[in-house]
Amino acid sequence: MRLRWASSREPEFNAMLSRWIAARIWGEGQAFPGKILCFGVFDDAGELAASIGYHNWNPAAGVIEFSGAATTPRWLTRDVLFQMFEYPFDQLGCQMTFARIAPDNTRLQRILTAYGFAATRLPRMRGRDRDEILMTLTDDAWRSNGFHKEKSHG
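Residues numbered from 1 in each chain as written. Predicted model: local features only at pLDDT ≥ 70, side-chain atom pairs only at ≥ 80, totals over all residues. Heavy atoms only, no water.

J.: Where do I start with the overall build of the protein chain in this structure?
T.: In terms of regular secondary structure, the protein chain is built from four helices and seven strands. For the protein chain, the sequential pattern of α-helices and β-strands runs β-α-β-β-β-α-β-α-β-β-α. Taken over the C-alpha trace, the protein chain has a radius of gyration of 15 Å; the compact-globule value for 154 residues is 15 Å, and the two agree within 12%. Counting only C-alpha atoms, the protein chain reaches 45 × 35 × 35 Å along its principal axes. Summing over all exposed atoms, the protein chain offers an accessible surface of approximately 8,700 Å²; the carbon and sulfur share of this is 49%. Averaging the locations of the 19 positively and 17 negatively charged side chains of the protein chain gives two centres separated by 3 Å. (Helix = DSSP H or I, 4+ residues; strand = E, 2+ residues; numbered from the N terminus. Rg over C-alpha atoms; globule rule 2.2 N^0.38 Å. Areas by Shrake-Rupley, 256 points an atom, 1.4 Å probe, with all protein chains shown as cover. Lys, Arg positive; Asp, Glu negative; His and termini not counted. Charge placed at Lys NZ, Arg CZ, Asp CG, Glu CD.)

J.: Would you explain the sheet that holds strand E7 (residues 132-138) in this entry?
T.: Backbone hydrogen bonds hold the strands of a sheet together, and the pairing may be parallel or antiparallel. Read from one edge of the open sheet, seven strands run E1-E2-E3-E4-E5-E7-E6, paired in mixed fashion. Unpaired on one side and paired on the other, strand E1 (2-5) and strand E6 (118-122) mark the two borders of the sheet. On average, each strand axis in the sheet is inclined to that of its neighbour by 25°, with strand direction left out of account. Bridging between strand E5 (residues 96-101) and E7 involves six bridges; their strand directions are antiparallel. What sits directly across from Ile101, in E7, is Ile133. The sheet contacts of helix H2 (residues 78-91) involve E1, strand E2 (36-42), strand E3 (48-58), strand E4 (63-70), E5 and E7, and relative to E3 the element is tilted by about 15°. (Pairing = 2+ DSSP bridges. Axes fitted to C-alpha atoms, helices over the stretch in contact; angles between N-to-C directions. Contact = heavy atoms within 4.5 Å.)

J.: Would you explain the side chain of Asp139 in this entry?
T.: Mapped onto the fold, Asp139 is located in helix H4 (residues 139-143). Notably, Asp139 is buried but unbridged: the nearest opposite-charge side chain belongs to Arg143, and the N-O separation is 4.5 Å. Those residues within four positions of Asp139 in sequence are excluded, and the remaining contacts are Phe89, Cys94 and Gln95. (Buried < 20%, exposed > 50% of the residue type's maximum accessible area, 1.4 Å probe, protein only. Salt bridge = Lys/Arg side-chain N within 4 Å of Asp/Glu carboxyl O.)

J.: Could you clarify how one ought to interpret the pattern of salt bridges in this entry?
T.: As a working rule, side chains carrying opposite charge can pair if their charged atoms are close by. In total, this model carries six salt bridges according to the counting rule given. For Glu132, the salt bridge is made with Arg100, and the minimal N-O distance between the two is 4.0 Å. Of this pair, Glu132 sits in strand E7 while Arg100 sits in strand E5; the two residues are 32 residues apart in sequence, bridging distant segments of the chain. The partner of Glu132 in a salt bridge is Arg126, with the nearest N and O atoms 2.9 Å apart. Glu132 sits in the buried class, given a relative accessible area of 5%.

J.: Looking at this structure, how should I read the packing of aromatic side chains?
T.: Aromatic ring pairs are defined here through the distance separating the ring centres and the angle between the ring planes. Applying the stated rule across the entire model yields 15 aromatic pairs. The ring of Phe13 carries the charged tip of Arg4 above its face, separated from the ring centre by 3.8 Å. (Phe/Tyr/Trp six-rings, centres within 6.5 Å; stacked < 30°, edge-to-face > 60°. Lys NZ or Arg CZ within 6 Å of the ring centre and 35° of its normal.)

J.: How do you make sense of the environment of Glu65 when you look at a structure like this?
T.: Relative to the helices and strands, Glu65 is located in strand E4. Along the backbone, Glu65 and Gly53 are twelve residues apart, and their C-alpha atoms lie at a distance of 8.4 Å. The contact partners of Glu65, leaving out residues within four places of it in the chain, are Gly53, Tyr54, His55, Asn56, Phe98 and Arg100.

J.: What's the story with the nonpolar core in this structure? I'm lost.
T.: Note on soluble globular proteins: their nonpolar side chains tend to be buried together. Formed by 27 residues in total, the largest nonpolar core has its most connected members in Phe39, Tyr54, Phe66, Trp75, Met84, Phe85 and Phe117. The set of elements that each furnish at least two residues to this core consists of E2, E3, E4, H2, E5, helix H3 (106-115) and E7. No other element matches the seven residues that H2 contributes to this core. Counting twelve residues, the second largest nonpolar core, distinct from the first, contains Trp20, Phe32, Cys38 and Phe42. (Core = buried A, V, L, I, M, F, W, Y, C linked by side-chain atoms within 4.5 Å.)

The following block contains the structure:
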């Protein structure tokens, strides 16, 4: 798997990744409001396997949201996980990052919980009869999670 970040010099690539994520979360025609910075994870054949987008950044609070989508579970390697959270914690200086996920996505909940995330159920956040799970990861939990002993956490 190869990770490729979008940059300000490639707004079309960033927009394509953002649309790709949104289409898999909400369906075609939906978009993320405001600014978003994305990276894509490509398989050995050069096909997009996953993408993550960072949005809703609140610099004063040191918090940023991330959203993502994937076509295969194989994209989520330790190296990708490290880069995924090195960006908000070491580069942006965030103290917490979070994701909102569907309650029926128990596989992702299990993975994120093992990684150090805390889960909170938010009643009706996806509509009258649909809850949402807020998964939060603090910089302290990330630095102490044991997944990246070989990496220096700033």
